[in-house]
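# Structural characterization, general
As a plain string of letters, each chain reads:
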Amino acid sequence: MALLGVLLFVIFSQSALAQAPRRGVVSPTPSPTPSPPVTMAATPSATVKEDITQPEEEVAREEFIRLFSRREITNLNFFNAGGYIVQSAVRSGVPANTIILILLLPFLATLFAFVRHVVGLPSLEMFVPIALSVTLVSTGFTAGAVLLLAILFGSTIARVILKRVRIMQFPKMALSILVVAVSVFAALTISAELGMLSVKQISIFPILILILIGEKVVSLQLTRSFRETFLVTTVTLFLGLVGFALLSWHVARQAVILYPEVVLLLIPLNVMIGRYFGLRLTEFLRFYTLYRHARK
C-alpha cells in the first residue's frame with residue numbers, strides 16, 4: 001500500500017505540473033486571433049517525437065542521416081564495421097529508433113545482472129524490468145504508472161475473489177483477465193475525464209505487457225510474504241524506472257547509434273560479473289558488524 005501511495009503521489013504531482021504550463025499558454029492566445037491554430041498544430045508533433053518506440057517519420061530520419069556526418073565512414077574496416085552497417089541500414093529504410101532500442105537492450109540486461117549478482121537486490125526475472133522500461137518509454141511515465149496501478153489493483157481483486165471459487169485454472173485466468181480489463185478501462189476513462197493524461201496514442205500492446213507484469217507481481221504476492229513481495233516489487237519498479245531513464249536519455253541514444261561497437265564491451269563486462277563469487281554488497285552490509293568483530 002505504501003508503494004501504491006508513492007506512485008499515486010508522483011502521478012498527481014506530474015499531472016499538476018503538466019496543467020500549469022497550459023494556463024500560461026492560454027492567457028496570451030485571446031489577444032491575437034491567428035495564434036491558437038499555431039499552438040494547436042505544434043502540440044501533436046512534440047508528442048509524436050517523444051514516442052521512440054515507433055518508427056520515425058521522414059523528417060526525423062533525415063535528422064539521423066545528418067547526425068551521421070559526425071562520424072563519416074568511407075572505408076570499411078574491422079573497427080568501424082558496426083557503424084557502417086548501422087548507417088547503411090538507416091539509409092536503406094530501417095527505423096533508427098528501432099535500432100537504438102535494440103542496441104540499448106543489452107545495456108539494460110547488463111545493468112540488471114549487476115544489480116542482481118553483485119549488489120544482491122532481489123527482483124523479478126530479467127524480462128520484467130526490461131519490458132517495463134520499454135513500456136514506459138512507449139506510454140510515458142504517467143500513463144504507464146496509471147495503467148500499472150489499475151492492472152495491479154484489478155489482478156489483486158480478481159485473485160482474492162477467485163481464490164475461493166472452485167473451477168479449473170484456465171477459466172479462472174479468463175475471469176481474472178475480465179476483471180483486469182474492466183479495471184484498465186475504468187482507469188483510462190477516469191484519467192481522460194480528469195485530464196490527467198492523453199489516451200489517444202496508447203495502443204493495446206503496452207497494456208498487454210503491463211498485464212503480464214501485473215500477473216507476475218500478484219502471483220508473487222500469493223506465494224511469498226508481504227515484506228518479500230514489497231522488496232521484490234520495489235526493486236523491479238526501480239530497475240524499470242532506471243531503464244526508462246536510460247532509454248529516454250538523448251546522449252545515450254546518439255552515442256549508441258554513432259558508435260554501436262561499444263556493445264561489444266559488454267562481453268568482457270558480463271564475463272567479469274558472471275565470475276564474481278565474493279560477497280554481494282547487501283550481504284557485506286548485513287554482516288559488516290560481524291566482520292569488524294572477527295577482525296578484533
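Okay, so let's go over this structure.

Quick notes on the rules
Residues numbered from 1 in each chain as written. Predicted model: local features only at pLDDT ≥ 70, side-chain atom pairs only at ≥ 80, totals over all residues. Heavy atoms only, no water. Helix = DSSP H or I, 4+ residues; strand = E, 2+ residues; numbered from the N terminus. Polar contact = N/O pair within 3.5 Å; in protein donor to acceptor, adjacent residues only side chain to side chain. Contact = heavy atoms within 4.5 Å. Core = buried A, V, L, I, M, F, W, Y, C linked by side-chain atoms within 4.5 Å. Buried < 20%, exposed > 50% of the residue type's maximum accessible area, 1.4 Å probe, protein only. Arc of directions from axis to C-beta. Axes fitted to C-alpha atoms, helices over the stretch in contact; angles between N-to-C directions. Parallel < 35°, antiparallel > 145°, perpendicular 65-115°, else oblique. Left-handed = near helix turned anticlockwise from the far one by under 90°. Patch = residues over 30% accessible without salt bridge, like charges linked within 9 Å, V, L, I, M, F, W, Y side chains within 5 Å. Areas by Shrake-Rupley, 256 points an atom, 1.4 Å probe, with all protein chains shown as cover. Salt bridge = Lys/Arg side-chain N within 4 Å of Asp/Glu carboxyl O. Expected span 1.5 Å × (residues − 1).

### Considering the side chain of Thr 110
Among the structural elements, Thr 110 can be located in helix H5 (residues 96–119). At a separation of 2.8 Å, a polar atom in the side chain of Thr 110 contacts the main-chain carbonyl oxygen of Pro 106. Ignoring any residue separated from it by four or fewer positions in sequence, one finds Thr 110 in contact with Leu 266, Leu 269, Asn 270 and Ile 273.

### Some details on the nonpolar core
The nonpolar side chains of soluble globular proteins are, as a tendency, buried together. Residues Phe 64, Val 90, Ile 100, Leu 247 and Ile 257 are the most contacted members of the largest nonpolar core, which totals 26 residues. Every element with two or more residues in this core is listed here: helix H3 (58–67), helix H4 (81–92), H5, helix H6 (127–139), helix H10 (226–248) and helix H11 (250–258). It is H5 that contributes the most residues to this core, 10 residues altogether. By size, the runner-up hydrophobic cluster in this structure holds 22 residues, among which are Leu 132, Leu 136, Ile 211 and Val 232.

### Comments concerning H3
For H3, the complete set of buried residues consists of Arg 61, Phe 64 and Leu 67. Viewed end-on, H3 has its buried residues packed into an arc of 110°, placing them on one side of the element. Seen from the buried face of H3, the exposed residues on the opposite side, beyond 90 degrees, are Val 59 and Arg 66. Here the buried face of H3 lies against H4, H5 and H11.

### A closer look at the packing of H6 against helix H7 (residues 141–162)
For the pair H6 and H7, the least separation of the axes is 6 Å and the interaxial angle reads 120°. Overall, the two elements H6 and H7 adopt an arrangement that is oblique. Two packed elements cross with a definite hand, and for H6 against H7 that hand is right-handed. From H6, Leu 132, Leu 136 and Thr 139 reach across to H7, where they touch Phe 141, Ala 143, Gly 144, Ala 145 and Leu 148.

### Section: a nonpolar patch on the surface
There is a patch of nonpolar side chains on the surface, built from Tyr 276, Leu 279, Leu 281, Phe 284, Leu 285 and Tyr 288 and spanning about 570 Å² of accessible area. It is helix H13 (residues 281–286) that contributes the most residues to the nonpolar patch, 3 residues altogether. Tracing the sequence through the fold places Leu 279 in the loop between helix H12 (266–274) and H13. With a relative accessible area of 49%, Leu 279 lands in the partly exposed category.

### Quick word on H7
Every α-helical turn comprises 3.6 residues, leaving residues that sit three or four positions apart pointing alike. Here H7 spans 31 Å end to end across 22 residues, near enough to the 32 Å set by a 1.5 Å rise per residue. Most of H7 is tucked away, with 16 of its 22 residues classed as buried.

### Description of the pattern of salt bridges
Think of it this way: side chains of opposite charge can pair up when their charged atoms draw near. Applying the stated rule across the entire model yields 2 salt bridges. A salt bridge links Arg 71 to Glu 261; the nearest nitrogen and oxygen atoms lie 3.1 Å apart. A residue pair is termed long-range when its members are at least 10 positions apart, and Arg 71 in the loop between H3 and H4 and Glu 261 in the loop between H11 and H12 qualify at 190 residues. Assessed through its relative accessible area of 14%, Arg 71 is described here as buried. Glu 125 is the salt-bridge partner of Lys 216, the closest N and O atoms lying 3.3 Å from each other.

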